[in-house]
Amino acid sequence: MGTARALEYHIVQQLLRRRAAQEVTPPSPVAERLIAILAATAGVFLLGSLLQELLWVLLAAGTVLTLGTRSR
């Protein structure tokens, strides 16, 4: 059991050294800009579709409110 544990420890240490030796490259500015543009476009589409529905709800609520509170 001691030999297996020593071998496991050796393998883990090698993997940790490899991970530490790898250079982490920062993301490309073009990729970041593309992600930001796509997120903003999706947000505008989502907000635009919701605003249209909310406009109809507000018009309906205003109509019901106006018809319901009209004095005779």
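Everything below is about the structure printed above this text.
This write-up is about the structure you can find in this document. (Residues numbered from 1 in each chain as written. Predicted model: local features only at pLDDT ≥ 70, side-chain atom pairs only at ≥ 80, totals over all residues. Heavy atoms only, no water.)

1. What to know about the overall build of the protein
Consideration 1: Across its full length, the protein carries 2 helices and 0 strands.
Consideration 2: A compact globule built from 72 residues would reach a C-alpha radius of gyration of about 11 Å, whereas the protein, at 30 Å, exceeds it by more than 25%.
Consideration 3: Taken along the three principal axes of its C-alpha coordinates, the protein extends 95 × 40 × 10 Å.
Consideration 4: Counting only residues that meet the buried cut, the protein has 0% of its 72 residues in that class.
Consideration 5: Surface summary for the protein: the accessible area is close to 7200 Å², and the carbon and sulfur share equals 69%.
Consideration 6: Distance between charge centres in the protein, computed from 7 positive and 4 negative side chains, equals 9 Å. (Helix = DSSP H or I, 4+ residues; strand = E, 2+ residues; numbered from the N terminus. Rg over C-alpha atoms; globule rule 2.2 N^0.38 Å. Buried < 20%, exposed > 50% of the residue type's maximum accessible area, 1.4 Å probe, protein only. Areas by Shrake-Rupley, 256 points an atom, 1.4 Å probe, with all protein chains shown as cover. Lys, Arg positive; Asp, Glu negative; His and termini not counted. Charge placed at Lys NZ, Arg CZ, Asp CG, Glu CD.)

2. Observations regarding the environment of Pro-29
Consideration 1: Here Pro-29 is to be found in helix 2 (residues 29–68).
Consideration 2: Looking at Pro-29, the relative accessible area reads 63%, which means it is exposed.
Consideration 3: Each C-alpha atom of the pair Pro-29 and Val-44 lies 22 Å from the other, and the pair is 15 residues apart in sequence.

3. Considerations on helix 1 (residues 2–21)
Consideration 1: The end-to-end C-alpha distance of helix 1, which contains 20 residues, comes to 29 Å, matching closely the 28 Å that a straight helix rising 1.5 Å per residue would cover.
Consideration 2: For helix 1, a buried count of 0 out of 20 residues is recorded, marking the element as mostly open to its surroundings. (Expected span 1.5 Å × (residues − 1).)

4. Some points on the environment of Leu-51
Consideration 1: Position of Leu-51 among the secondary structure elements: in helix 2.
Consideration 2: Residue Leu-51 is classed as partly exposed on the basis of its relative accessible area of 47%.
Consideration 3: Taking the C-alpha atoms as reference points, Leu-51 and Ala-31, separated by 20 residues in sequence, lie 30 Å from one another.

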